[in-house]
Amino acid sequence: MIEPSDKVLVAVSGGKDSLGLWFALTQLGYEADGLYLDLGILSGEYSGRSKEFAMQLCERIQPALHIVKVADEMGKPVPVLSFASNREPCSACGAVKRYLFNKFAFENGYTVIATGHNLDDEAATLLGNVLRWQIGYLARQAPVLPERVLGFGGEQGRIGLVKRIKPFVRFTEKQVALFTIINRIPYIEQECPFAVGAASLFYKDLLNKIEERSPGTKWAFYSQFVEQVQPLLDERFPEPELRPCARCGMPTTAEICSVCRIKERANKLVAEIKPQCVEHNP
Ligand code: SF4
Ligand code: ZN
């Protein structure tokens, strides 16, 4: 997944998976900096508290920790963007996070983005995609997605998608939790408030019940997919051609990327709401 010459950017959220991964990569000697995205989720002080855990580990292991505020980059925090997008909160948030991680990595010379997805995460995503036969998503659900450089996007300079890796896919959520406890890594235990009722939690629960009855099923389900099915889908359904977004210049399959569309909807919504607020609360 990582070549010795690679410069890794770890997507650090303050949770056990991303902090465990960051710790593991630095202990193994990789050059791995962290990027914490401040999503601006104020409920339960979620964003503020999760950032503290990221900073705490940074002090101990000493690589660089970059902190980027979604509101500074996108004009609005994640809750507003999600509300305006008319999509499930996690769907809009996921799109914004992928976009900003890729943009930051590309602009700052990182060659690999590492995320802390574990076996439970990946098996639950796989189950959700299979239940709805989301062929496009299945074709790209791999532990390694290679770099794609598209060339030059006008004033934006060189554009593309940085290689993405998920080094923890062989470990279950419990194994990663144990790893962080053994290595005394404090992490945020509070769930993101938007995760309540998420289908992925239900799928994880179902898979755990299946695993109890039939140990090894979770790994077999995921690993056989990755080894036998995903490569066939990838070949049969190649990723649509990417081009620079007409607004931001980042890679997209449409004329305007999904994140710019979310941003525009949020701006419109806030502009519509503001005059009413002034009218009622002069
Ligand atoms: Fe974003 Fe959903 Fe994760 Fe919360 S649970 S951080 S909304 S993707
Ligand atoms: Zn765009």
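Now for a look at the structure at hand. Bear in mind that the values here come from a model prediction, so they are computed numbers and not experimental data.

1. Thoughts on the sheet that holds strand β2 (residues 32-38)
- Taken together, six strands build an open sheet; the order of strands is β3-β2-β1-β4-β8-β5 and the sheet is mixed. The two strands at the open ends of the sheet, each matched to only one other strand, are β3 (65-69) and β5 (144-145).
- As paired strands, strand β1 (residues 8-12) and strand β4 (residues 112-114) are joined by three bridges and run parallel to one another. Opposite Val8, over in β4, you have Val112 as the bridge partner.
- Seen against the sheet, helix α1 (residues 16-27) touches β1, β2, β3 and β4 and runs at an angle of roughly 155° to β1.

2. Considering the environment of Asp234
- One can find Asp234 in helix α10 (residues 217-236).
- Dropping the residues within four chain positions of it, Asp234 is found in contact with Ala139 and Arg140.

3. Examining the packing of helix α4 (residues 78-85) against helix α5 (residues 89-107)
- For the pair α4 and α5, interaxial distance at closest approach is 8 Å and the crossing angle is 120°. With respect to α5, the element α4 is oriented oblique. In the crossing of α4 with α5, the sense of the turn from one axis to the other is right-handed. Packed against α4, whose contacting residues are Val78, Leu81, Ser82 and Ser85, the element α5 presents Pro89, Ala92, Cys93 and Val96 at the interface.
- When grouped by side-chain class, the residues that make up the contact of α4 with α5 number six nonpolar, two polar and no charged.

4. Describing the site of ligand 1
- Leu39, Cys90, Cys93, Lys97, Cys192, Phe194 and Ala195 make up every residue found near ligand 1.
- Here the shell around ligand 1 is built from residues that sort into six nonpolar, no polar and one charged.

5. Quick notes on unusual backbone geometry
- Within the chain, Asn86 stands out as a residue other than glycine whose phi angle is a positive 65°.
- With respect to the helices and strands, Asn86 occurs in the loop between α4 and α5.
- Here Trp133, not a glycine, exhibits a phi torsion of approximately 45°, which is positive.
- Residue placement: Trp133 occurs in the loop between α6 (119-131) and α7 (135-139).

6. Remarks on the side chain of Lys166
- For Lys166, the position within the fold is in the loop between β8 (163-165) and α8 (173-182).
- The exposure class assigned to Lys166 is buried, which follows from its relative accessible area of 18%.
- Excluding residues that lie within four positions of it along the chain, Lys166 makes contacts with Met1, Thr115, His117, Glu122, Ala142 and Pro143.

How each quantity is defined
Counting of residues starts from 1 at the beginning of each chain's written sequence and follows it residue by residue. Written order determines the labels here, with chains lettered from A and ligands numbered from 1. Local features in this predicted model are restricted to residues of pLDDT 70 or higher, and side-chain atom pairs are both shown and tallied only at a pLDDT of 80 or more, whereas totals for entire chains, interfaces and linings draw on every residue. As a convention, hydrogens and water are excluded, and side-chain values are obtained from all of the structure's heavy atoms. Two strands are said to pair when DSSP picks up at least two bridges between them. Where helices and strands are cited, they refer to DSSP runs of H or I of at least four residues and of E of at least two residues respectively, numbered from the N terminus. Two residues qualify as a contact provided that any one of their heavy atoms is within 4.5 Å of a heavy atom in the partner residue. Simply put, an axis is a line fit to the C-alpha atoms, just over the touching stretch for a helix, and the angle between two N-to-C directions goes from 0 to 180 degrees. In these notes the angle categories are as follows: under 35 degrees is roughly parallel, over 145 is roughly antiparallel, 65 to 115 is roughly perpendicular, and the rest is oblique. Handedness of a crossing follows from how the near helix is turned relative to the far one, being left-handed for an anticlockwise turn of less than a right angle and right-handed for a clockwise one. Residue polarity is assigned by list, with Asp, Glu, Lys and Arg as charged and Ala, Val, Leu, Ile, Met, Phe, Trp, Tyr, Cys and Pro as nonpolar; anything else, Gly included, falls into the polar class. What makes a residue near a molecule or strand is one non-hydrogen atom of that residue sitting within 4 Å of it. For every residue, the accessible area (1.4 Å probe, protein chains only) is compared with the maximum for its type, and the residue is labelled buried under 20%, exposed over 50%, or partly exposed between those bounds.

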